[in-house]
Amino acid sequence: MTRPAAHGESVPEVERTLVQIVLFVRILGFTWMTLLVIVTWFTDPDANRVVVAAAEIAAALWTIITIRAARTPSVIRTWQFVTLDGAVALFVASASFVAGAGDLFHGGYPISWLAVAAYAGGMRLSIAAAIVLAADQIFGFIFSGRSLVATTGAFVFIVYAVIFGWTIDSLRRNDAQRREAESALEQERTERALEAERLALANELHDSVLQTLQVIRTDADDPDRVRYLVRSEERSIDRLISRYRNPGTDGFETAILAVRDEVEDLFGVEIRTVIRDDVPLTPPIVIAVEATREALVNAARHSGVRVVNLYSEVMDDRVHVFVRDRGVGFDPATVEEGRGIRHSLRQRMTDSGGTFTVTSVPKQGTEVEISSGCFS
């Protein structure tokens, strides 16, 4: 038996089905008992009305409690619930003898305890409960002076216990085997997907890196040509890593790498890029990418250096991009309002709720920080 599930805890489908079976048996047993109680009340004048009514009320109240407890199935599997359920079942099963009724009026209610016990502890607990009920009935038959032949009917509890226990144990066992098979199948699919990814990566590297190395070996005497090929291959590997890091997405990282490639091709500079995180291309992020492109273009065009640094990270649901060069720099105070990089970035970023900062010192370089929310 287990502890109650926490509020909101997900319950396996098989457990929901088993609880529904238990509730069906409980409600059916209570309905059967209620019909017999009505018959006893109106046709058996010797039956103690107080005991009959007490048994019916106890069964009704505990049936309601069972229905409410079933909302969290693991509650029914606790030893406390099973014990109280058994106490009510034994009281109802003994009521006919205590009331002095001519016929047993407990109907199928005690049998429903066997379903609860089977759900909580399987066939073994269900059979143990059946033995307790059978002993209670035999004791009642003997001390009420009834025929010993009638006591054999008490062993029907054992039959029900076996039926409930076998059914519930089989359903749980079959569900466990199904989940194990699904897990094995999922693992096999994952392994196949990983193998396919490894093969695709190997093919990409063969088609790209190895061929480029062959060309470099052929053109080793041309430094500019070698430098261009090496940088081109670096960019290809960046895109390859981005694609495998974020499969099936076309987000911020992909867009930034495309901008970087474009600016490098246009101005012949090297943009050393580090991108720590990736986010979807929401409208504010698209504007941040456009602003990054403008910052890179300005650095490539005006800094006078061959290397520009680009760094990006995500913090507190905001993208932060830094574009830095160690070029000629400028004095921000000398830039007229409404002109230059500060104005263009201000228009793009403030309209989307973003911010930017330009820091520049003559002959020391320029740094642009672009910050934008990840969501619109």
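Just so you know, the residues in each chain are numbered from 1, in the order the chain's sequence is written. Since the coordinates come from a predicted model, pLDDT governs what is reported: local features require at least 70, and pairs of side-chain atoms require 80 or more to be given and counted, while whole-chain, interface and lining totals use all residues. By convention in this description, side-chain values take in all heavy atoms of the structure and omit both hydrogens and water.

Draft legend 1. The arrangement of helix α8 (residues 252–267) in detail. We count a stretch as a helix when DSSP gives it H or I for four or more residues in a row; a strand needs E for two or more, and each element gets its number in order from the N terminus. Here the expected length of a helix is defined as 1.5 Å per residue gap, with one fewer gap than residues. Across its 16 residues, α8 extends 23 Å between first and last C-alpha, which sits within 8% of the 22 Å expected from 1.5 Å per residue. Listed as buried for α8 are F252, E253, A255, I256, L257, V259, R260, D261, V263 and E264. Phi for G268, located one or two positions after α8, is positive at around 70°. Relative accessibility thresholds used throughout: buried, under 20% of the residue-type maximum; exposed, over 50%; partly exposed, between the two (1.4 Å probe, protein chains only).

Draft legend 2. Looking closely at the packing of helix α4 (residues 79–99) against helix α5 (residues 109–143). Only the stretch in contact is used when a helix axis is fitted, and all axes are lines through C-alpha atoms; the angle between N-to-C directions ranges over 0 to 180 degrees. Contact geometry of α4 with α5 gives a least axis separation of 10 Å together with a crossing angle of 25°. In terms of orientation, α4 lies roughly parallel with respect to α5. In this structure, α4 meets α5 at a crossing whose hand is right-handed. Along its contact with α4, which presents F81, V82, D85, G86, V88, A89, L90, V92, A93, S94 and F97, the element α5 presents Y109, P110, W113, V116, A120, L125, V132, L133, D136, Q137, G140 and F141. As a working rule, the residues Ala, Val, Leu, Ile, Met, Phe, Trp, Tyr, Cys and Pro are called nonpolar, Asp, Glu, Lys and Arg charged, and the rest polar, with Gly in that last group. Of the residues belonging to the contact of α4 with α5, the class tally is 17 nonpolar, 4 polar and 2 charged. Roughly parallel means an angle under 35 degrees; roughly antiparallel means over 145; roughly perpendicular covers 65 to 115; every other angle is labelled oblique. What makes a crossing left-handed is the near helix being turned counterclockwise from the far one by less than a right angle; a clockwise turn instead makes it right-handed. We call two residues in contact when some of their heavy atoms are within 4.5 Å.

Draft legend 3. Spatial organisation of the pairing of strand β1 (residues 270–275). Each pair of strands is called paired provided DSSP finds at least two bridges between the two strands. In the sheet, β1 pairs with strand β2 (residues 307–315) via 6 bridges, with the strands oriented parallel. From the neighbouring strand, E270 faces β2, where its bridge partner is V307. For the crossover that starts at β1, traverses helix α9 (residues 283–302) and ends in the parallel β2, the hand is left-handed. By convention, a crossover is right-handed whenever its connection, traced from the first strand over the helix to the second and viewed with the strands pointing away, goes clockwise.

Draft legend 4. Layout of the sheet that holds strand β5 (residues 365–373). One open sheet holds the 5 strands; their spatial order is β1-β2-β3-β5-β4, and the pairing between them is mixed. Edge positions in the sheet fall to β1 and β4 (355–361), since each has one partner strand and no second. Recorded for the sheet is a direction-independent mean angle of 10° between the axes of neighbouring strands. Alignment of β2 against strand β3 (residues 318–325), held across 7 bridges, turns out to be antiparallel. Each bridged residue has a counterpart across the sheet, and for S312 the counterpart in β3 is V321. Here α8 sits on the sheet in contact with β1, β2 and β3, set at roughly 170° to β1. Here α9 sits on the sheet and contacts β1, β2, β3 and β5; the angle it forms with β5, its principal contact strand, is near 175°.

Draft legend 5. Representation of the packing of helix α2 (residues 49–69) against α4 within the structure. Interaxial distance between α2 and α4 falls to 9 Å at its minimum, and their mutual angle equals 160°. It follows that α2 is roughly antiparallel to α4 by the angle criterion. Considering how the two elements wind past one another, α2 and α4 form a crossing that is left-handed. Residues V51, V52, A54, A55, A58, A59, W62, I65, T66 and A69 of α2 pack against F81, L84, D85, V88, F91, V92, A95, V98 and A99 of α4. Here the residues of the contact of α2 with α4 sort into 17 nonpolar, 1 polar and 1 charged.

Draft legend 6. Region of interest: unusual backbone geometry. Look at D316: it is not a glycine, yet its phi comes out positive at around 55°. On the accessibility criterion, D316 (71% relative accessible area) is exposed. A positive phi angle, near 70°, is found at K363, a position not held by glycine. Relative to the helices and strands, K363 is located in the loop between β4 and β5.

Draft legend 7. Spatial organisation of the confidence of the model for the protein. Note: pLDDT gives the predictor's confidence per residue, expressed from 0 to 100. Scored by pLDDT, the protein comes out at a mean of 83, with 82% of its residues at no less than 70. Taken element by element, the predicted model of the protein shows its lowest mean pLDDT in helix α10 (residues 340–351) (67) and its highest in α2 (95). A low-confidence stretch, residues 2–8 stays under pLDDT 50, and its non-local contacts, those more than four residues away or across chains, total 10 contacts.

Draft legend 8. The packing of aromatic side chains, seen in detail. Think of it this way: a Phe, Tyr or Trp ring, Trp meaning its six-membered ring, pairs with another when their centres are within 6.5 Å, and the plane angle makes it stacked under 30 degrees, edge-to-face over 60, tilted otherwise. Applying the stated criterion to the full structure yields 4 aromatic pairs. When the centroid spacing of 5.4 Å and the interplanar angle of 70° are considered together, the rings of F97 and F141 count as edge-to-face. Residue F97 is located in helix α4, and its partner F141 is located in helix α5; the two are separated by 44 residues in the primary sequence. Here F97 matches F141 in class, with each residue buried. A centroid spacing of 6.2 Å and a plane angle of 40° characterise the contact between Y311 and F322, whose relative ring orientation is tilted. With a gap of 11 residues between them, Y311 in strand β2 and F322 in strand β3 connect regions that are remote in the sequence. We call a charge positioned over a ring when the NZ of a Lys or the CZ of an Arg lies within 6 Å of the ring centre and within 35 degrees of the ring normal. The side chain of R49 reaches across the aromatic face of W41, ending 5.3 Å from its centre. A cation sits over an aromatic face here: R172 above Y119, 4.8 Å from the ring centre.

Draft legend 9. Fine view of the nonpolar core. Counting residues in each nonpolar core, the largest one holds 47 residues, and the members touching the most others are I76, F105, Y109 and L114. When residues of this core are traced back to their parent elements, those giving at least two are α1 (13–43), α2, α4, α5 and α6 (156–218). Of all the elements, α5 adds the most residues to this core, at 14 residues. Once residues within four sequence positions are removed from consideration, I76 is found in contact with V19, T66, A69, A70, F81, V82, V116, Y119 and A120. For the purposes of this section, nonpolar cores are sets of buried Ala, Val, Leu, Ile, Met, Phe, Trp, Tyr and Cys residues that join through side-chain atoms within 4.5 Å. With 30 residues, the next largest nonpolar core counts F252, V259, A291 and V297 among its residues.

Draft legend 10. Up close: α5. Counted at 1.5 Å a residue, the expected span for α5 with its 35 residues is 51 Å, but the 22 Å between its end C-alpha atoms falls short. Positioned one or two residues after α5, G145 has a phi angle of 75°, which is positive.

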